[in-house]
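Coordinates in review
What follows is each chain in one-letter form.
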Amino acid sequence: MLQGICRQVPSCAGARGLRLHVCGKGGRKVKPGSEQWGNYPTAEHDVTLGHEFCGLVVEIGADVKTLKVGNKVTVDPYRGCYKCRYCAGGNPQFCMHEGPRNALGFFLDGGWAEYCVAPAQQVHRISASLNLGLDLACLVETLSTIQHGIDRIGVVPHDANVLIIGAGIIGILYACIFHLHGHKSLVVSEPSAERRARIEVLELGYRALTPDQTREVMTEAARDLDHDGLDYVIDCSGYAPAVEEAFQWLRKGGHLCIFGVAPPTAKISISPNQMFHKELTVLGTLTNPFCYPKATALTAALGQRYLSYEKLAIETFELDQYETALSRLASGVISKAVFKFPE
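In this report, we go over the structure that sits alongside the text. Note that this is a predicted model, so its numbers are computed, not measured. (Residues numbered from 1 in each chain as written. Predicted model: local features only at pLDDT ≥ 70, side-chain atom pairs only at ≥ 80, totals over all residues. Heavy atoms only, no water.)

Let us now look at unusual backbone geometry. The phi dihedral of Asn131 falls on the positive side, at around 55°, and the residue is not glycine. Locating Asn131 in the fold gives a position in the loop between strand 8 (123-125) and helix 2 (134-137). Positive phi, normally seen in glycine, also occurs at Phe290, with a value near 60°. For Phe290, a relative accessible area of 54% puts it in the exposed group. (Helix = DSSP H or I, 4+ residues; strand = E, 2+ residues; numbered from the N terminus. Buried < 20%, exposed > 50% of the residue type's maximum accessible area, 1.4 Å probe, protein only.)

In this section: the sheet that holds strand 14 (residues 281-284). Taken in spatial order, the 6 strands make up an open sheet running 11-10-9-12-13-14, and their pairing is parallel. Edge strands, defined here as strands with exactly one partner in the open sheet, are strand 11 (207-209) and strand 14. Looking at each pair of strands side by side, their axes are set apart by 15° on average, direction ignored. (Pairing = 2+ DSSP bridges. Axes fitted to C-alpha atoms, helices over the stretch in contact; angles between N-to-C directions.)

A separate point is the packing of helix 4 (residues 169-180) against helix 10 (residues 292-307). Packing of helix 4 against helix 10 brings their axes to within 11 Å, and their N-to-C directions diverge by 105°. When the axes of helix 4 and helix 10 are compared, the pair comes out roughly perpendicular. Listed contacts from helix 10 to Leu173, Cys176, Ile177, His179 and Leu180 of helix 4 are Leu298, Ala301, Leu302, Arg305, Tyr306 and Leu307. Its residues placed into classes, the contact of helix 4 with helix 10 shows 9 nonpolar, 1 polar and 1 charged. (Parallel < 35°, antiparallel > 145°, perpendicular 65-115°, else oblique. Contact = heavy atoms within 4.5 Å. Nonpolar A, V, L, I, M, F, W, Y, C, P; charged D, E, K, R; others polar.)

In structure tokens:
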């Protein structure tokens, strides 16, 4: 169950830690096993949620040399041990000892509180040259996971046909990034009229279609996939039937990127023959390894043109309004809730 509690302000933990005054996402504690949170892994003990946050440094450990009190910072919730085979190979998201298993906001107290203690290695100073306020900096974690997906996909030619499945906050931000990079041929498939309207409000010039409309368009395109098929499908829905269907619409050399988190029991059926003859690529994307500096600059580049709270249906709340915030999120009225504290 989710409950609000008052705790003593945490002190800086150890010589390599620091304490932040949080100015991004706000705070409550959650008890494990709540049906409200499904089966997403969290600690067995009570933990303060909040893995997407930013703030101001108010205290640093004796050995911290890269940050100063007063710095505006973003916080990467994940870290690796940097000793296991995966970390040594440059993939701390698969860390055998830490990684998501020791993430702030899931297993260690995170940013849904007025103050948070974090290891210095996970805290990134926001350069003054970026002119990035904390209102947008609290989106860096979200964009860092998208940045990893972009890194996995690689350079997308400007003549590519792109389909994004799902227009939640992730799908919308993917569309914004493609627009920022000058791509013209992109379709978003989304069953919710409210979410499709958010694509229209952003004035990206992209079509936002229902799944039935998408199917109609792609059935016609399938008559000549070499000319009209898809080069990139990016799933942001986690809905397996939609992923399976879109796989059939890829033309030769196409890529399927699975970002959405499907239930563990979900399955899709794909043709090895198509994989072979079309040289198709299927890839997943997990968390945000080594993406925070790039994602911070990306956030600044997107700016208010794309990250307007009003256009993205993001609302801010006081800390004691957490029940209202979560209710509005669950209803789909808003895409993200931001808990804001006085600086």
